[in-house]
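A closer look at the structure
As a plain string of letters, each chain reads:
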Amino acid sequence: MDTMQMKLELVAVPVTDVDRAKAFYTEKIGFHADFDQQVREDLRFVQLTPPGSACSIVIGVGITKMQPGSLDMLLMVVSDVRAVREELVKRGVDISEIDVQPWGTFAYFSDPDGNSWSLQQLPNRT
């Protein structure tokens, strides 16, 4: 038994406008809205999960001291980056062209606050 097994399950994403960010992540990117609770006046907790992911993000009020837009290069692995990019373009997401590298095929986008994301299709392993 590995006593040091750890699972990353929640990442705080700093945003200025919670409702705008929630709409972006759910309507444009396709995240599932798991939870949205105004705990108290100075604490709102909104948990969103990418389809198929075991890790969620949290946005809200009183969640983090990070500056909005300060997260750089959150990465989501996808099975077909071209297909996901095409779907995001249809949804109105400003996303980069495909970037092919030896370690994967990528496309990049940012949320309305400038937090940047990367989609990666892993290379075929032979």
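Below or above, wherever it landed, is the structure these notes cover. Bear in mind that the values here come from a model prediction, so they are computed numbers and not experimental data. As a convention, each chain's residues are numbered from 1 in the sequence order in which they are written. For a predicted model such as this one, the threshold for reporting local features is a pLDDT of at least 70, and the threshold for listing and counting side-chain atom pairs is 80 or more; totals across whole chains, interfaces and linings nevertheless cover every residue. To obtain the side-chain values, all non-hydrogen atoms of the structure were included, while hydrogens and water were left out.

Moving on to helix H1 (residues 18-28). Among all positions of H1, only Val-18, Ala-21, Phe-24 and Tyr-25 are buried. Along H1, the residues classed as buried sweep out an arc of 130 degrees about the axis, all on the same side. Counting from the N terminus, the helices are the DSSP runs of H or I reaching at least four residues and the strands are the DSSP runs of E reaching at least two. Downstream of H1 by a residue or two, Gly-30 has a phi angle that is positive, lying close to 90 degrees. Three labels apply to residues, based on accessible area from a 1.4 Å probe with only protein chains included: buried if under 20% of the type maximum, exposed if over 50%, partly exposed otherwise in between. Relevant arc is that of directions from the helix axis to the C-beta atoms, nothing else.

Here the focus is the sheet that holds strand E1 (residues 10-12). Taken together, 4 strands build an open sheet; the order of strands is E1-E4-E3-E2 and the sheet is mixed. This sheet does not close on itself; its edge strands, each paired only once, are E1 and strand E2 (32-40). Along the sheet, successive strands turn relative to each other by an average axial angle of 25 degrees, direction set aside. When DSSP finds two or more bridges between a pair of strands, those strands are recorded as paired. Of the strand pairs in this sheet, strand E3 (residues 43-49) and strand E4 (residues 56-61) are connected by 5 bridges, and their pairing is antiparallel. Across the sheet, Phe-45 pairs through a bridge with Gly-60, a residue of E4. Across the sheet, H1 is in contact with E2, E3 and E4; its angle to E3 comes to roughly 10 degrees. Note on method: axes are straight lines fitted to C-alpha atoms, helices fitted across the in-contact stretch only, with angles between N-to-C directions ranging 0 to 180 degrees. A contact between two residues is defined here by any heavy atoms of the two lying within 4.5 Å.

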